[in-house]
Amino acid sequence: MNNMRIKTRPMRRTWRWLALLAGLTAGGAWAVERDIPSYEKMQTFKGQAFFADENTWIYTAAFAERYGLPKQWVSSKLVGIEAAAFRIVPGELQCGLTRKREVCRRTTNCLTDVYIDENKYPLPWATDESADWRPIGDSFGWLYDPKTGAPGQNRPPAGIPDSGVWTLHPWVDKKLKLPVQFTQNIDTPDPNHWGNALTFAYKRHLPGNLTMVTLGYRCMSRNKRPYTTFILAPENDGHVISAKRFHEFRLPDEFEQRIDERLADKAKGDEVQYKKLLGIQ
């Protein structure tokens, strides 16, 4: 009897492996399909908690097809980019309001991701780094060196002057030896006046040679026009050399209007918060 038991154990293991292999072979397509997520699946409520997408999107038809995104946010008015996604995220804790140490409020940051096809629009990268980010409110930003200041601040590449703006410096004009940054013209009626659009992060070599750039945009009000223009240009001592543009893209008014709606809701919440801080009923 003992010999029989010893011989049957390997057979049982063999049948288990055969059954597993048969399932993988016959139902392989089903198993792979089940494991691949999709936007629709991830954003469909199924009676349990899920992570909701808080971005306000706009994208080309090709981008929507590549990533299986809803057609309702497809636009033919995007210029220079394949997609943009706006969101509002929690910022740092601000205290000392109403001249009292204990009175605090949580600030917010407005971020916009833009997706650039570098097969069409190669960018002037300063290094070969594939990704970088500037954390919002991390501990490193509170470490101050007595001689050099805060080591947590990102610096431009060697030999390139620091613009003094707390931003990533992934691009450079090697001929002029100047940092290159994105700027925008949303907050002025003058189309030739440019304001900073800080670079918080980037990620290169996405499918289709796409690059995602996260910009600090837009919590400010705007001058309404058919589109908002962004340019990637050198900056010298705070002045943008707009005549030498490495890239330009535009966000249409239809996208800005949807951001306006989000900011209007935010303003209502801010009003309630301020009244609470001031003790106003």
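Note that the structure is predicted; figures quoted are calculated from it, not measured.

Describing the packing of aromatic side chains
Following the criterion strictly, the structure yields 13 aromatic pairs and no others. An angle of 35° between the planes, with centres 6.4 Å apart, marks the rings of Trp57 and Phe63 as tilted. By the burial criterion, Trp57 is buried, and Phe63 matches it.

Digging into the sheet that holds strand S1 (residues 56-59)
Spatial ordering of the open sheet is given by S1-S2-S3-S9-S8-S4, a layout of six strands whose pairing is antiparallel. The sheet terminates laterally at S1 and strand S4 (131-133), the two strands that pair on one side only. Here the strands of the sheet are splayed against their neighbours by 20° on average, with no regard to which way each runs. Sheet topology note: the strand S8 (residues 199-206)/strand S9 (residues 210-216) ladder contains five bridges and is antiparallel. Within S9, the position partnered with Lys203 by the bridge is Met212.

Let's talk about the environment of Asp53
Note on placement: Asp53 falls in the loop between helix H3 (39-42) and S1. Excluding residues within four positions of it along the chain, Asp53 makes contact with Tyr39 and Gln43. A distance of 2.8 Å separates the side chain of Asp53 from the side chain of Asn55, its partner in a polar contact. Within the structure, the side chain of Asp53 is placed 2.7 Å from the side chain of Trp57, a separation counted as a polar contact.

Re the state of the cysteines
Across all of its chains, the model carries two disulfides by this definition. With a sulfur-sulfur separation of 2.1 Å, Cys95 is cross-linked through a disulfide to Cys104. One quick way to see it: the torsion about the S-S bond of Cys95 and Cys104 is about 110°, and its sign makes the bridge right-handed. Residue Cys104 is classed as partly exposed on the basis of its relative accessible area, which comes to 26%. Disulfide partner of Cys110: Cys219, at an S-S distance of 1.8 Å. Classification of the bridge connecting Cys110 and Cys219 rests on its S-S torsion, roughly 80°, and on that basis the disulfide is right-handed. Within this pair, whereas Cys110 is found in strand S3 (residues 104-117), its partner Cys219 is found in the loop between S9 and strand S10 (227-236), the two being separated by 109 residues in sequence. Relative accessible area serves as the criterion here: at 6%, Cys110 is assigned to the buried category. For Cys219, a relative accessible area of 39% puts it in the partly exposed group. In the chain, numbering the disulfide-bonded cysteines from first to last in sequence yields the connectivity 1-2, 3-4.

Reading guide: rules and limits
By convention here, each chain's residues receive numbers from 1 onward along its written sequence. At least 70 in pLDDT is required for a residue's local features to be given in this predicted model, at least 80 for side-chain atom pairs to be given and counted, and no such filter applies to totals for whole chains, interfaces and linings, which use all residues. Hydrogens and water molecules were not included; the side-chain quantities draw on all heavy atoms of the structure. Stacked, tilted and edge-to-face pairs are distinguished by plane angle, under 30 degrees for stacked and over 60 for edge-to-face with tilted covering the rest, among Phe, Tyr and Trp rings (Trp via its six-membered ring) whose centres lie within 6.5 Å. The rule is simple: take the accessible area with a 1.4 Å probe, protein chains only, and divide by the maximum for that residue type; under 20% is buried, over 50% is exposed, in between is partly exposed. Any two strands with at least two DSSP bridges between them are considered paired. A run of H or I in DSSP counts as a helix once it spans at least four residues, and a run of E counts as a strand once it spans at least two, with each numbered from the N terminus. Note on method: axes are straight lines fitted to C-alpha atoms, helices fitted across the in-contact stretch only, with angles between N-to-C directions ranging 0 to 180 degrees. A contact between two residues is defined here by any heavy atoms of the two lying within 4.5 Å. Pairs of N or O atoms within 3.5 Å make up the polar contacts considered here, provided that, within protein, one atom can donate a hydrogen while the other can accept it, and that residues adjacent in sequence are counted only when both atoms are side-chain atoms. Any cysteine sulfur atom paired with another within 2.5 Å is treated as part of a disulfide.

From the geometry alone we can't say anything about function, so treat these as descriptive.
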